[in-house]
Amino acid sequence: MKRNFWVTGTVALALGVVGCQPPAPEPEDVAEVTARRSGDLVRNIGSSMRTLSNLSALKTLTEVTSTIGGFGDVGGGLQGLSITRMAEVAPLPVPGAPDEATSQAQAALVEKYLRERIFIEANVEETQGSSTTFRITGEDLCSDGSTPAAPACVTAVDKYELRIRATNKGNAGLELELLFGANRTEPLSLSFSDVRVGMIVDLGGVKDTVKQLSPETELPRVMVGRVELALTSKGPRDVEFQTSILDALSVEWDTTAGGYAFSTAKASPLSEMKVWQKDGANWARVALKLGTTEIRTPYQGAKAEFSGQQYVASLSGLSYAMEAQEGSEALTLAHIGLGEAQSYLALGGHKLTTVDLNALSGRHFDLHIAKGTDGRAVLSVRPELDLSVFTNMEPVYEYAEGEEPIADFTKNFQLRLSGGDAPSVRPVPANTSTGFPGGLQVVSGELSVAVNDSRVTVPATKCLVKERTTSGSTTGVGFEARDCQ
């Protein structure tokens, strides 16, 4: 009797659990949720981008980058290293802003497709548990219904046997999984809640899908990792876009020359772009935090000691965070850095190039940009800016027949702005009447540029400018300190 009681209780509990599962969503419910959220997101993203593009601080940053870019290459032989490129190490990912009419039209088109072409009763293939599966054809995707679908488009879509499985997640919202082919591989999933839309791409799923649909396609030997794109929208003035590497990415492929590989660490979030309103003013935030990233390529030179080895380019990281307020021309780029360790290019046991940023001062710095009373931008850093680059390509250099030995392959480059609480500089334009070529004036602290044993030091009030000589560098650096005439 006691045993029967436990059997009865277990069955009742199981039935209760099953009974708590949310029902499969109806087609009109899926259409309403996806259309409404997608349309709102398109409109709100357009509004946010227009706000972002109008921020005075971003215009100031663009002006500063353009002015500093006029310096060109530095260091008498450090090819490819320029102040312009250093300023572009962490570009701000600010896309163009569509006008309101374009945003409205795009949103209406998305809503029309979802409500009238995709999530309709005629496309329901099966219902199981909490899920409804829709079979999507080329006729559904290749036309909005106002004109016939192009036959070539229909054929191209139909070969993928596309399905969308919509799962009711109860209070968590709605989840959509894109299914490809007869085996229904799942490379992509989307989630919809009241304020958030997320998309997850699984590289392993992408590989399986391509292998199934196009067996002849050559794919990397290894494809693993997951990436998420998420949009959170609480209104036209409160939108946040994030990307994340949920699981570390790794891609490896083989060629006749050798193996190649790319990898990057988990980063959640990897990037952020947010626009919101506070105290009646529009604000924006743009941030990036890339983890350790490596690229490996095969050595293809003639030196036997390196046969079968790989070049390794390792970036320890890349980060910054910027906030700007509408109406303010000042902004701060916080926590600018190249990771927590040295970045380098190596072959075998030889480091051919190394890069260190603020190695002795936390490996990060904050950059503040504000316009002075004369309208010129002033750039200040905390605690300092100390960039060091070392190169030595001798281990891989191959002499041509009869070529004279090169005396010194080693180059050490250092750019340092330091001294005081927040050392600062400002770009000064050229003055044709005095012959001043334009340069960087040190407002506070001290600026120095060094190449090997040669160094130019610029004290406060003086300017760093290109050397005036035309017969070669006299400082060994390519720059000199002089009055800001």
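Refer to the preceding data block for the structure.
Reference entry: report on the structure contained in this document. (Residues numbered from 1 in each chain as written. Predicted model: local features only at pLDDT ≥ 70, side-chain atom pairs only at ≥ 80, totals over all residues. Heavy atoms only, no water.)

## Remarks on the overall build of the chain
Formally: Strands are runs of DSSP state E lasting at least 2 residues, helices are runs of H or I lasting at least 4, and numbering of each runs from the N terminus. Each residue is assigned to one of three classes by its accessible area relative to the maximum for its type, calculated with a 1.4 Å probe on protein chains only: buried under 20%, partly exposed between the two thresholds, exposed over 50%. Two residues qualify as a contact provided that any one of their heavy atoms is within 4.5 Å of a heavy atom in the partner residue. Here the open area of atoms and residues is found with the Shrake-Rupley method and a 1.4 Å probe, where only the protein chains shown may cover a residue.
The number of helices and strands found in the chain is 8 helices and 27 strands. Relative to its 485 residues, the chain shows a buried fraction of 41%. When contacts within the chain are restricted to residue pairs at least 6 apart in sequence, those whose partners lie at least 24 apart make up 55%. Accessible surface, the chain: about 25,000 Å² in total, of which carbon and sulfur atoms supply 54%.

## So, the state of the cysteines
Note the following rule: Cysteine sulfurs are considered disulfide-paired once they come within 2.5 Å of each other.
Scanning the entire structure with this criterion turns up 2 disulfides. Paired by a disulfide, C142 and C153 hold their sulfur atoms 2.0 Å apart. The sign of the -80° torsion about the S-S bond sets the C142-C153 disulfide as left-handed. Of this pair, C142 sits in the loop between α6 (138-141) and α7 (151-158) while C153 sits in helix α7, and the two are 11 residues apart along the sequence. Disulfide connectivity for the chain, with bonded cysteines indexed by sequence position, reads 1-2, 3-4.

## Regarding the packing of aromatic side chains
Stated precisely, the cut-off is as follows: Each aromatic pair joins two rings of Phe, Tyr and Trp (for Trp, the six-membered one) with centres within 6.5 Å, and gets the label stacked for planes under 30 degrees apart, edge-to-face for over 60, and tilted for any other angle. Consider the ring centre and the ring normal. A charge sits over the ring if Lys NZ or Arg CZ is within 6 Å of that centre and within 35 degrees of that normal.
What the rule picks out here adds up to 8 aromatic pairs. Aromatic pair Y397 and Y399: ring centres 5.0 Å apart, planes at 80°, arrangement edge-to-face. For Y397, a relative accessible area of 27% puts it in the partly exposed group. For Y399, a relative accessible area of 39% translates into the label partly exposed. In textbook terms, an aromatic cluster arises when at least three aromatic residues are bridged by ring pairs, as seen for Y299, F306 and Y311. Over the ring of W283 we find K278, and its NZ or CZ is 4.3 Å from the ring centre. For the cation-ring pair, K351 lies above Y344, with the distance from its terminal atom to the ring centre recorded as 4.6 Å.

## Thoughts on the environment of L41
Along the chain, L41 falls in helix α2 (residues 27-53). Judged by relative accessible area, L41 falls into the buried class, the value being 5%. Once you skip the residues sitting within four places of it in the chain, L41 turns out to touch V197, L231 and S233.

## Brief notes about the pairing of strand β25 (residues 454-458)
Threshold: Any two strands between which DSSP finds at least two bridges are classified as paired.
Alignment of strand β24 (residues 446-451) against β25, held across 5 bridges, turns out to be antiparallel. By the bridge assignment, A450 is partnered in β25 with R455. In this structure, the hairpin formed by β24 and β25 is closed by a connection of 2 residues, where N452 is found at a positive phi of approximately 55°.

## Brief notes about the pairing of strand β17 (residues 350-357)
In this sheet, β17 lies alongside strand β16 (residues 343-347) in antiparallel orientation, the contact comprising 5 bridges. Across the sheet, residue L347 finds its bridge partner in β17, namely H350. Connecting β16 to the next strand, β17, in antiparallel fashion are 2 residues, including G348 with a positive phi near 60°. Sheet topology places β17 next to strand β20 (residues 385-391); 5 bridges connect them, and they run antiparallel. If you follow L357 over to β20, its bridge partner there is L387.

## Digging into the layout of surface pockets
For the record, the criterion: Whether a set of points on the 1 Å grid over the protein atoms alone is a cavity depends on a 1.4 Å probe fitting there but being unable to get out, while an open set qualifies as a pocket with protein on both sides within 12 Å along at least five of seven lines; lining residues are those with an atom within 4 Å of a point. Grid points are joined across faces, edges and corners, and a volume is the space filled by probe spheres set on the points. Under the scheme applied here, ten amino acids are nonpolar (Ala, Val, Leu, Ile, Met, Phe, Trp, Tyr, Cys and Pro), four are charged (Asp, Glu, Lys and Arg), and all others, including Gly, are polar.
Roughly 350 Å³ of internal volume is contained in the second largest pocket. Taken together, 21 residues line the second largest pocket, and the ones lying closest to its centre are L176, L178, L190, F192 and M199. Looking at the lining of the second largest pocket, the elements that each hand over two or more residues are α2, α5 (100-118), β4 (174-180), β5 (185-192), β6 (196-202) and β7 (222-235). Of the residues assigned to the lining of the second largest pocket, the class counts are 18 nonpolar, 3 polar and no charged.

## Details of the nonpolar core
To keep things clear, this is the line we draw: Nonpolar cores are built from buried Ala, Val, Leu, Ile, Met, Phe, Trp, Tyr and Cys residues. Side-chain atoms within 4.5 Å join them into one set.
One finds L52, L367 and I369 to be the most contacted residues of the largest nonpolar core, which totals 43 residues. When residues no more than four places from it in sequence are discounted, the contact partners of I369 are T60, L61, V64, E329, A330, L331, A377, V378 and L379. Counting residues in each nonpolar core, the second largest holds 21 residues, with V30, L41, L114 and I136 among its members.

## A short note on the packing of α2 against α5
Heads up, the condition is: Geometry is summarised by axes, namely lines fitted to C-alpha atoms with helices restricted to the contacting stretch, and by angles between N-to-C directions that run from 0 to 180 degrees. Orientation categories follow fixed angle ranges, with anything under 35 degrees roughly parallel, anything over 145 roughly antiparallel, 65 to 115 roughly perpendicular, and all other angles oblique. Each crossing gets its hand from how the near helix is turned against the far one by less than a right angle, where anticlockwise is left-handed and clockwise is right-handed.
Following both chains from N to C, one finds α2 and α5 inclined at 165°, their axes separated by 8 Å at the closest point. When the interaxial angle is binned, α2 and α5 end up roughly antiparallel. Pair α2 / α5 crosses with right-handed handedness. Residues A31, E32, T34, A35, R36, S38, G39, V42, R43, G46 and R50 of α2 form the contact with α5, whose participating residues are E100, S103, Q104, Q106, A107, V110, E111, L114 and R115.

## Looking at helix α8 (residues 203-213)
Along an α-helix, residues three or four apart share an orientation, since each turn contains 3.6 residues. Going by this rule: By the criterion applied in these results, polar contacts are pairs of N or O atoms within 3.5 Å in which, for protein atoms, one can donate a hydrogen and the other can accept it, and in which residues neighboring in sequence qualify only through two side-chain atoms.
For α8, every residue scored as buried is listed here: L203, G204, G205, K207 and T209. If you follow the buried residues of α8, they end up packed against β4, β5, β6, β7 and β8 (238-255). The N-cap of α8, judged by a side-chain oxygen 2.8 Å from the amide nitrogen of G204 a few residues on, is D202.

## Some remarks on the pattern of salt bridges
Applicable threshold: Salt bridges are defined by distance alone: a side-chain nitrogen of Lys or Arg within 4 Å of a carboxyl oxygen of Asp or Glu.
Applying the stated criterion across every chain, the model contains 24 salt bridges. Salt-bridge contacts for R165 lead to E177; the nearest nitrogen and oxygen are separated by 2.9 Å. In this pair, R165 sits in strand β3 (residues 163-168) while E177 sits in strand β4, placing the two residues 12 residues apart along the sequence. In this structure, E186 engages R165 in a salt bridge whose closest nitrogen and oxygen atoms are separated by 2.8 Å. Of this pair, E186 sits in strand β5 while R165 sits in strand β3, and the two are 21 residues apart along the sequence. Using a relative accessible area of 37% as the deciding quantity, one classes E186 as partly exposed.

## Side note on unusual backbone geometry
Cis geometry is found at the peptide bond from S268 to P269, where omega equals 0°. The residue P269 is located in strand β10 (residues 267-278) in this model. The residue after R382, namely P383, is reached through a cis peptide bond having omega -5°. Turning to its location among the elements, P383 is positioned in the loop between β19 (377-382) and β20. Its identity as a non-glycine residue notwithstanding, H335 has a phi of 55°, on the positive side. You will see that N358, though not glycine, has its phi angle at about 50°, which is positive. By the secondary structure assignment, N358 is in the loop between β17 and β18 (364-371).

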